[in-house]
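# Notes for the structure review
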Amino acid sequence: MNRLTYLLKRLLLAIPVLWLGTTATFVIIRLGPLNPAAAIVGPVNSAEAQERLERIEEQLGLNDPIHEQYVEYMLDLFTFDLGQSWVQYPGQDTVSLLAQFAPRTIWLGLWAILIPIFIGIPLGVYAGLNVNTKRDYTASITGIVWRAMPNFWLAAILLALLSQSDTLFFGTGWQSFIVETELIGAPDLSNLGTPEGFVTATKQILPPAFVLGSASMGNELRLSRTAVLEIMNEDFIDTAQAVGVSRRRLIGKHMLRNAMIPLIPVVTSEAYVLVGGSVLVEVVFGINGIGTLFFDAMTSGDLPLAGSLMFIFILLTVTINILQDILYTVIDPRIGYEER
Amino acid sequence: MGTAETTTAGTTADADNGSADNGDTSGTNALSLSIPEASNFDPVQIKGDGSQIVSDHVFSELFTLPQGGLDPAAQLVTDYTVSEDGRTYTFTLRDDVTFHNGDQLTAQDFVYSWERLAASENSKEGETILEGGFQIAYDTMTETVDGEEQEVYEPGSLAVEAVDDQTLEVTLNAPFFDALFWFAYGSLSPVPEGIVGDIEGYDGEMEYSEFSSQNPVGTGPYEIDSVSTGTEVVLSAREDYHGEAPGPDEIQMQVVTNTEAIYRRAMNENVDVFRLPNSQFDPSKVSIEETRSLSQKVGTYGLLENGRTANYSTWDEAYTAYFIFDCSRVEKPIRQALNYAVNQENFVEQGFRGVGEPAYHQAPPTVYPGGKEAYDQHAQEGFPYGYREAQLDQARTTMEEAGYGEDNRASITLTLYNDRNPDAYSRIADLIRGKAQSVYIDLQIERAPFNTIIDGAVNGNLDMYTLGNGLEYPSAQDMLKFGRPYEGNLVRWREDPSDASQRAANAWETIQNNPDPTEEARQARADAFIQMEEAIWEDAIYLTNYHPRGRQSWYDEVDVPIQTSGFHDRLFDGVTFS
């Protein structure tokens, strides 16, 4: 089996995954206790409440037989006719909502992945190279503590700390540090092209990204330390050392490259924090990205919005998985998908 | 209407410090608010608190409630007359009003806008003019839905006519004494004729989604500068506004939902005006210096965490929160016993940190006939289940007389919101459960999201549940229309009929039969409202909870007009910068 057939096979396998995920969304919203029409009607105790409910249910087609609703829902999704939001943003296309909400979450997710990669992995490698020294212990314990701190707690603490940070950041406080930004709110991504716009958007996303990435940072620190330790005891390292490979080349080429292999799935799987883990951080920092959008859509029974988001999340997840498999073959030539 | 967690900031961008982020804001007074959501600003949609604040600034109505009072004042009209029979209103429109797109406001715009309200598939507020006491006359047609024939609104049949460009004639189905309030209601705001194509005869100048969420066009003091969906709305003051020039040149509204984030924004002084979240609010830091008409209170709050003292005001939200009994599921002795067993004061103190008034009537104090004094007096003299006290002995006696006792306990389920004030309601529910326990009632507590509760209530699946009603306009009628036995009432009083329910129905008849704006008719209605309140007491169809009060704080850098009541638009055009 060459890479192409492998790819095709993986794509075919994605279909039942898509079907299951979108069906589950439909079942949860339409057969569960949520009633989107009631969410639209809002807080009323009135004679009209009932009539209003009925009229909105009729408008949304909620009185049609459930199997007809299901077939229509699935056909729309699979023909990429993603429809309009019912409850959260009535009258707006889910596609345009996605286009407006996704960039903020992607920006947050990107930094939540980059921060651990650039802090967690180097620290882990450093600890691995200095195994069983004080430096190793300090780094390792920090990693465990990081890993253990829950996001909601860390977010609240960081908010409070940065709010009263006049004495840190060279006497200016976080909000005036380098460029003027507000601690809470969505970053402005429209000027990313300009240096000032980039710095502002980055500065604004750093605190939430730091919180979101904190668990991964601990994970990556621990994993890279272990990976380095394992590789260090391999015979080929001794051989390379014996033939006189310099220490820098030994670490850079022979050790790190091999140590990266177990880290790839860890890093790629963290891409999923884009979706699930970001809700809390988005809410606390007022970012209102796609995690919040999905959460609100689910809890208010906004079927077209929740269904479309689910559909796209699954597509993304499957794509990332396939990319990850292909990335393996690039990094480690021994891995292939040919039959043996 | 809002119980919005609204936070506001005023920043005066300094022209000569060069740090203004984009040149065009230098020298402008920018106010920045945090709002709980921003989704759809179309007047005919049901809106959340945040979208409502945006709409309040962008749109305006024929009439408005003036600062400090509850009598509608002309806003888009110069004059109006009412026909002899009280059904036909003829409005002369101001000739100096323009929409944000430059079009002049004409009577045809109202014909179009109200037809949208009645007939558009995007309208969720059609019953404002098609059902209830205030109804514009219209024709119906028969439509078959799921094999059932139904009478529905016939598009184009609304009795609204543009006599000429400045003269609008509206005929009501029946005279309605509070009609001017409805002409001040947000859903009846004009939009330019033909702006969207969601009713017959119009193609629309823009897509619906653009109009409703990006570029709503109205006659209000502000227009949309930019919208970042779900995150930020920026409004800019209109230069050609026909009314008084607004204070802030720009209002930036940021969507913030998390209470910690709202609090932090206030403490960081990103904001000059704010509402402290309940969890951060300490009633002992309030000092009230002045009480105004309609029970507005003004004073200070402090010290805050950041060492500052803020100004503080509170007002009646025109809302009644209660627990509804489904009378077809919970017998009268149990309802009465629960009423005896609790003290509403405890709800306010323990649940809502003292911000609010214990509720004994359906009508909130501002609209109760005779106002707050009459409200308190009537409750003190007449409330049968203990005014500001619990009467556990009476509760036990009532239960024992109905055959209940230690060996034969009653059991009901109380369903609570888990998405509105969940902490407050948890504390209150514990309180009720404790009391109920001692009067032979086992109370199970369940929690559900608001939309599940309303669904279960309509379908008759709940015994007792949290709910409340915010009034649309300042009249006891808007609350007491629910206080009678009729089909569709959530308390299902009709299914447990009694003398009291009959009295309530009769009193409601009296109100309907006295629609005139005369003093005599007003007195007859006022008496009937009180009869309804007493009938509701007798059958204990509700366990009343409290009347929430709105509150707001601001730093000295801005001067914020005091919000008059929950009926008033949440407008920030009167803010000035010092």
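Residues numbered from 1 in each chain as written. Chains lettered and ligands numbered in written order. Predicted model: local features only at pLDDT ≥ 70, side-chain atom pairs only at ≥ 80, totals over all residues.

For chain B, the count of helices and strands is 15 helices and 25 strands. With the C-alpha coordinates of chain B rotated into their principal frame, the extents come out at 75 × 65 × 50 Å. Considering only residue pairs separated by 6 or more positions, chain B has 68% of its internal contacts joining residues 24 or more positions apart. (Helix = DSSP H or I, 4+ residues; strand = E, 2+ residues; numbered from the N terminus. Contact = placed C-beta atoms within 7 Å.)

Regarding its fold elements, chain A presents 14 helices and zero strands. A principal-axis box enclosing the C-alpha atoms of chain A has dimensions of 85 × 65 × 35 Å. Counting all 340 residues of chain A, 37% fall into the buried class. Of the contacts made within chain A by residues no fewer than 6 positions apart, 73% connect residues no fewer than 24 positions apart. (Buried ≥ 20, exposed ≤ 12 C-beta atoms within 10 Å, placed from the backbone.)

Caution applies to low-pLDDT parts of the model: their predicted coordinates are not meant to be read in detail. Residue-level pLDDT values for chain A average 83, and 91% of them are 70 or greater. No element of chain A has a lower mean pLDDT than helix α3 (residues 47–60) of chain A, at 73, and none a higher one than helix α4 (residues 66–78) of chain A, at 89. (pLDDT = per-residue confidence, 0-100.)

Contact residues are listed per partner, giving 50 residues for chain A and 50 residues for chain B. When residues in the side of chain A that touches chain B are grouped by element, the largest group, ten residues, is from α3 of chain A. Among the residues forming the side of chain A that touches chain B, the class breakdown is 24 nonpolar, 19 polar and seven charged. (Nonpolar A, V, L, I, M, F, W, Y, C, P; charged D, E, K, R; others polar.)

Moving on: the confidence of the model for chain B. All names here are of chain B. Looking at chain B as a whole, the pLDDT averages 89, with 95% of positions reaching at least 70. Scored below 50 in pLDDT, residues 1–26 makes 74 contacts in the model with residues more than four places away or belonging to other chains. Interface confidence for the predicted complex, expressed as ipTM, amounts to 0.80; the pTM equals 0.85.

It is worth spelling out the nonpolar core at this point. Grouped together as the largest cluster of nonpolar side chains are 150 residues, with contacts concentrated most on I324 and I441 of chain B. A per-element tally of this core places helix α2 (residues 107–119) of chain B first, with eight residues. Contacts of I441 of chain B, omitting those with residues within four sequence positions, involve I334, A337, L338, R409, A410, I412 and A436 of chain B. Membership of the second largest hydrophobic core comes to 62 residues, among which are A112, V267 and V283 of chain A together with V558 of chain B. (Core = buried A, V, L, I, M, F, W, Y, C linked by C-beta atoms within 7 Å.)

Residues and elements named next belong to chain B. Across the sheet, which stays open at both edges, the four strands sit in the order β5-β6-β10-β9 with antiparallel pairing between neighbours. Looking at which strands have only one partner, the edges of the open sheet turn out to be β5 (77–82) and β9 (160–164). This sheet shows a mean twist of 20° between the axes of neighbouring strands, independent of strand direction. In this structure, strand β6 (residues 88–93) lies alongside strand β10 (residues 167–171), joined through five bridges in antiparallel fashion. In the sheet register, T88 faces β10, and the bridge partner there is T171. Of the strands in this sheet, β6, β9 and β10 are in contact with α2, which crosses β9 at around 170°. (Pairing = 2+ DSSP bridges. Axes fitted to C-alpha atoms, helices over the stretch in contact; angles between N-to-C directions.)

This brings us to helix α6 (residues 259–267) of chain B. Within α6 of chain B, eight of the nine residues are buried, which leaves it mostly tucked inside the rest of the structure. Positioned one or two residues after α6 of chain B, E269 of chain B has a phi angle of 55°, which is positive.

Moving on to unusual backbone geometry. Residue and element names in this part refer to chain B. The linkage connecting G302 with the following residue, L303, adopts the cis geometry, with an omega of -5°. Turning to its location among the elements, L303 is positioned in the loop between β16 (297–301) and β17 (310–316). Residue Y440 is not a glycine yet carries a positive backbone phi of 70°. Mapped onto the fold, Y440 is located in the loop between α11 (422–437) and β21 (441–448). Overall, Y440 belongs to the buried group, with 22 C-beta atoms counted inside 10 Å. The backbone of A540 shows a phi angle near 45°, a positive value even though the residue is not glycine. Summarising the element assignment, A540 is placed in the loop between α15 (519–539) and β23 (542–554). In this structure A540 comes out as buried when scored by C-beta crowding, with 24 C-beta atoms within 10 Å.

Residue and element names in this part refer to chain B. Buried residues dominate strand β2 (residues 29–35), accounting for six of its seven residues. Bridge count for β2 against strand β13 (residues 250–255) is six bridges, and the pairing is parallel. From the neighbouring strand, L31 faces β13, where its bridge partner is I251.

Here we take up the packing of helix α7 (residues 332–341) of chain B against helix α10 (residues 392–401) of chain B. Residues and elements named next belong to chain B. It is at 7 Å that the axes of α7 and α10 come closest, and there the two elements cross at 170°. Between α7 and α10, the crossing angle belongs to the class labelled roughly antiparallel. Counted together, P333, Q336, A337, Y340 and A341 of α7 and L392, Q394, A395, T398 and M399 of α10 form the full contact between these two elements. Class assignment of the residues belonging to the contact of α7 with α10 gives a composition of seven nonpolar, three polar and no charged. (Parallel < 35°, antiparallel > 145°, perpendicular 65-115°, else oblique.)

Residue and element names in this part refer to chain B. When its domains are assigned, chain B resolves into domain 1 (60–206) and domain 2 (319–351 + 386–547). Using only C-alpha atoms to locate each centre, domain 1 and domain 2 end up separated by 35 Å. Contacts between the two partners involve ten residues from domain 1 and, on the opposite side, eight residues from domain 2. Classifying every residue of the side of domain 1 that touches domain 2 gives seven nonpolar, two polar and one charged. (Domains from an automatic or database assignment.)

All names here are of chain A. Structurally, chain A comprises domain 1 (1–87 + 301–340) and domain 2 (102–296). Domain 1 and domain 2 are separated by 31 Å when their C-alpha centres are compared. Across the boundary between the two partners, domain 1 contributes ten residues, which contact ten residues of domain 2. Looking at the side of domain 1 that touches domain 2, its residues break down into seven nonpolar, two polar and one charged.

Next up on the list: helix α8 (residues 344–352) of chain B. Residues and elements named next belong to chain B. Three or more residues of α8 are buried, namely Q344, F347, V348, G351 and F352. Projected down its long axis, α8 carries its buried residues within an arc of 100°, all on one side. Against β19 (356–358), α11 and β23 lie the buried residues of α8. At the exit of α8 stands R353, carrying a positive phi of roughly 50°. (Arc of directions from axis to C-beta.)

Turning to the environment of G244 of chain A, a few remarks are in order. Residue and element names in this part refer to chain A. With respect to the secondary-structure elements, G244 resides in the loop between α9 (235–242) and α10 (247–260). Residue class for G244 comes out exposed when judged on the 7 C-beta atoms lying within 10 Å of it. Considered as a pair, G244 and A227 are 17 residues apart in the sequence and their alpha carbons are 23 Å apart.

Residues and elements named next belong to chain A. In contact at an axis separation of 11 Å, helix α1 (residues 3–31) and α4 are set at 140° when each is read in the N-to-C sense. In terms of orientation, α1 lies oblique with respect to α4. For the pair α1 and α4, the sense of crossing is right-handed. Contacts between α1 and α4 involve T22, F26 and R30 from the first element and I66, Q69, Y70, Y73, M74 and L77 from the second. (Left-handed = near helix turned anticlockwise from the far one by under 90°.)

All right, on to the environment of H568 of chain B then. All names here are of chain B. By the secondary structure assignment, H568 is in the loop between β24 (558–559) and β25 (576–577). Residue class for H568 comes out buried when judged on the 24 C-beta atoms lying within 10 Å of it. Remark: the alpha-carbon pair of H568 and E154, spanning 414 residues in sequence, is separated by 33 Å.

This brings us to the environment of V228 of chain A. Residue and element names in this part refer to chain A. Positionally, V228 belongs in helix α8 (residues 195–232). We classify V228 as buried; it has 22 C-beta atoms within 10 Å. With 28 residues separating them in the primary sequence, V228 and L256 have C-alpha atoms 7.2 Å apart. When residues no more than four places from it in sequence are discounted, the contact partners of V228 are V125, G128, L129, M255 and A259.

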